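Fold and geometry: a report
Residue-level listing of the chains:
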Amino acid sequence: MDELHHECGIAAICHLYSESPSKLAPLVGADQVSRLMPRMLLDMQNRGQLAAGFTTYNPRREQIIDTFRQVGPVIEAFRLNHKAKYDSIMKEYAGRAAIGHVRYATCGSDDRSYAQPFERHHGCKWKWFSFAFNGQLANFTELRAELLALADYHLVRETDTEVIQNYIGYELRGDERPDLVQVFRNISQRFDGAYNLVFLNAMGDMVILRDPKGFRPLCYAQEGPLFAAASESVPLTNLGFREVRSLEPGEMIVIQDNQIRRERFAPREKPKHCFFEWIYFASVASTLDERSVYLSRAALGKELARQERQLDKIPLDDDTIVVPVPDTGKAAADAMAYELGVQSVEGLIRNRYVGRTFIEGTNNREDRARLKYTPLREVLAGKRVLLIEDTIVRCTTLRSLLAEVRERGGAREVHVRVACPPILAPCFYGIDMSTVRELFAPRFMKGPRPTIEEQQAMAAEIGADSLLYLPLEAIARCIGLDPDRLCRACLTGDYPTPTGNQLYQLALRTRHAEANGRTYELSVASGQ
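Every value quoted in this text rests on a predicted model; they were computed, and no experiment measured them.

Here is what the cut-offs are and how they apply
Residues numbered from 1 in each chain as written. Predicted model: local features only at pLDDT ≥ 70, side-chain atom pairs only at ≥ 80, totals over all residues. Heavy atoms only, no water. Patch = residues over 30% accessible without salt bridge, like charges linked within 9 Å, V, L, I, M, F, W, Y side chains within 5 Å. Areas by Shrake-Rupley, 256 points an atom, 1.4 Å probe, with all protein chains shown as cover. Salt bridge = Lys/Arg side-chain N within 4 Å of Asp/Glu carboxyl O. Helix = DSSP H or I, 4+ residues; strand = E, 2+ residues; numbered from the N terminus. Axes fitted to C-alpha atoms, helices over the stretch in contact; angles between N-to-C directions. Parallel < 35°, antiparallel > 145°, perpendicular 65-115°, else oblique. Left-handed = near helix turned anticlockwise from the far one by under 90°. Contact = heavy atoms within 4.5 Å. Nonpolar A, V, L, I, M, F, W, Y, C, P; charged D, E, K, R; others polar. Core = buried A, V, L, I, M, F, W, Y, C linked by side-chain atoms within 4.5 Å. Buried < 20%, exposed > 50% of the residue type's maximum accessible area, 1.4 Å probe, protein only. Pairing = 2+ DSSP bridges. 1 Å grid on protein atoms, 1.4 Å probe; cavity = no way out; pocket = protein on both sides within 12 Å on 5 of 7 lines; lining within 4 Å. Points joined across faces, edges and corners; volume = space filled by probe spheres on them. Phe/Tyr/Trp six-rings, centres within 6.5 Å; stacked < 30°, edge-to-face > 60°. Lys NZ or Arg CZ within 6 Å of the ring centre and 35° of its normal.

Let us now look at a nonpolar patch on the surface. A contiguous nonpolar patch, built from Leu 42, Ile 75 and Leu 80 and spanning about 210 Å² of accessible area, is present on the exposed surface. In this structure, Ile 75 sits in helix α2 (residues 74-77).

Next up, the structure:
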């Protein structure tokens, strides 16, 4: 599935002053621990390919904190394929602390000015800060309007990142250096939505913060004087950290005065972890909130197999093969095939080097599907294919892909199996789907769960012989968390925050309107 995008990934790294440097520090020394940041961001490239950047801290530099950010994937942004240019960047921005970001936009433009981190210059060192953000504020239009209503505020970007920057700046006003825990405690009382943050100021103070609901994952680790944090566990384990933990929702880590401490900035409440992290967004090698992504996806495949046997709709013989849609469908496909006793084969090969580059002759969905996936006729010809998809959102790519599997691959039958329930409602917490009208499943469903007849109508619409979703209950069961600890708003329409529920009602009212734009943009236009 290649039609759903996420709102970024964040990372932080800091080496405390110590007589003995960490064995995980770069060979050039702890004063250049910032050299590890591009590697961390590269390990989170799955979370955003639009832009990448970092801010570093070096008290011996005129620019005590300095920010580098560029449009493009990490390799291009940091010039990792050009040693001299990469070394030049690393030398100019060398520091013993750094925060970093990879971006995919759910609001705001694609140009460089929206790349993160955002830096706010100031003559007072504790007011001079930079930060990066993962998530989305559901109420950012209201917060933006509040700022603009103040006489001296002017905002230049349509993004919640700038709103957060101004609220942090407001909390740092005054002549006395504030307590950072109180700063973010005050901010949290205004924000509705998902907002994991990394923060660095010109005093060398660092903050790593996870919002009170814990929508997005945030992991951290320490080895001696070296501390690091990231949106997933993989960047930390690949650096060599052995014990990686998840920060609790409503908690923050403060690095200040050469000390590391964990603090609670918001009251403890039941978390609402986004289930999509396990079934689609996160690296399959990650462990989030003590739950393995790979094992969760394999469990989804076992659920698909159990459902397939119960419904007994197609023969499970030598002519039946299981084929994943690369790459996120593979773990589920392999587990399903094993349980059913049929082959799991790579009948679709994905071109991993396409990225977002414009290529001549790719102006429609069919061309793009042909560019991204190559069906293997030697594997598919004459076969009954169980095509395993991780989820269906808009169905813009899948329809074209099915035609490719039949025409170029020569498959006799194609049966789509979805390792997720139907997506019925938008997301206002950082996933790029914010209107009801863009979603595929609601066009066919009259109730909260799809009937066999409705699923067959969906299959006919996209050119499949059959289509089956997993039931709602399967998600929590496969992840291994209580349903009450997961945000499943896009499956149920039941949102964990007040603004989420308000925006959903607006999305339902405007689903047949001609107006374009995201729901929170429509709320401004309509005065809701």
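Two elements in contact, helix α4 (residues 140-149) and helix α5 (residues 160-171), have axes separated by 10 Å at closest approach and are oriented at 50°. Relative to α5, α4 is oriented oblique. Remark: the crossing between α4 and α5 carries left-handed chirality. Taking contact as the criterion, the partners of Phe 140, Leu 143, Arg 144, Glu 146 and Leu 147 in α4 are, on α5, Asp 160, Val 163, Asn 166 and Tyr 167. The residue inventory of the contact of α4 with α5, partitioned by class, reads 5 nonpolar, 1 polar and 3 charged.

We now examine the nonpolar core. Counting 114 residues, the largest nonpolar core has Ile 13, Phe 78 and Phe 276 as the members making the most contacts within it. Beyond its immediate stretch of four places on either side in the chain, Ile 13 contacts Val 33, Leu 36, Met 37, Met 40, Arg 96, Ala 97, Ala 98, Met 206, Leu 226, Phe 227, Ala 228 and Leu 239. Ranked by size, the runner-up nonpolar core spans 29 residues in total, among them Phe 140, Leu 155, Leu 180 and Val 207.

Taken together, the 7 strands give an open sheet; going across it, the order is β3-β2-β4-β1-β10-β9-β11, and neighbouring strands pair in antiparallel fashion. Looking at which strands have only one partner, the edges of the open sheet turn out to be β3 (65-71) and β11 (245-246).

Right, let's talk about the packing of α5 against helix α6 (residues 180-188) for a bit. Angle between the axes and distance between the axes are the two parameters that describe a pair of packed helices. Direction vectors running N to C along α5 and α6 enclose 130°, while the axes themselves pass 10 Å from each other. Considering the angle they form, α5 stands oblique to α6. Helix-helix and strand crossings are classified by hand; for α5 and α6 the assignment is right-handed. Of the residues in α6, those in contact with Tyr 167, Ile 168 and Glu 171 of α5 are Val 183, Phe 184, Asn 186 and Ile 187.

The next point concerns empty space enclosed by the protein. Under the defined criterion, the tally for this structure stands at 6 cavities of 30 Å³ or more. Broken down by class, the residue content of the lining of the largest cavity amounts to 12 nonpolar, no polar and 1 charged.

Another aspect to go through is the pattern of salt bridges. Scanning the model with the defined rule gives 31 salt bridges in all. Salt-bridge contacts for Arg 417 lead to Glu 308; the nearest nitrogen and oxygen are separated by 2.6 Å. In this pair, Arg 417 sits in strand β22 (residues 413-418) while Glu 308 sits in helix α9 (residues 293-311), placing the two residues 109 residues apart along the sequence. Take Glu 308: its relative accessible area is 3%, and that puts it in the buried class. Here the salt bridges share partners, and the residues they tie into one network are Arg 47, Arg 216, Glu 232 and Glu 277.

For the rest of this paragraph, the subject is the pairing of strand β8 (residues 206-209). With burial as the criterion, each face of β8 is covered, one bearing Met 206 and Ile 208 and the other bearing Val 207 and Leu 209. Inspection of the sheet shows strand β7 (residues 193-201) paired to β8 by 4 bridges, in the antiparallel sense. By the bridge assignment for β8, Leu 200 is matched with Met 206. Hairpin geometry of β7 and β8 is characterised by an intervening segment of 4 residues between the two adjacent antiparallel strands and by a positive phi of about 90° at Gly 204. Where β8 meets strand β12 (residues 251-256), 4 bridges bridge the pair, whose relative direction is antiparallel. Paired with Ile 208 across the bridge in β12 is Ile 253.

All told, the structure shown has 18 aromatic pairs when counted by the stated rule. When the centroid spacing of 5.2 Å and the interplanar angle of 65° are considered together, the rings of Tyr 280 and Phe 281 count as edge-to-face. Given a relative accessible area of 11%, Tyr 280 falls into the buried group. Assessed through its relative accessible area of 5%, Phe 281 is described here as buried. Each residue in the set Phe 215, Phe 428, Tyr 429, Tyr 495 and Tyr 504 is aromatic and connected to the rest through ring pairs, giving one cluster. Its guanidinium or amino end placed over the ring of Tyr 17, Arg 96 lies 3.9 Å from that ring's centre, counting from NZ or CZ. The side chain of Arg 173 reaches across the aromatic face of Tyr 170, ending 3.8 Å from its centre.

By themselves, these observations are geometric and do not establish any function.
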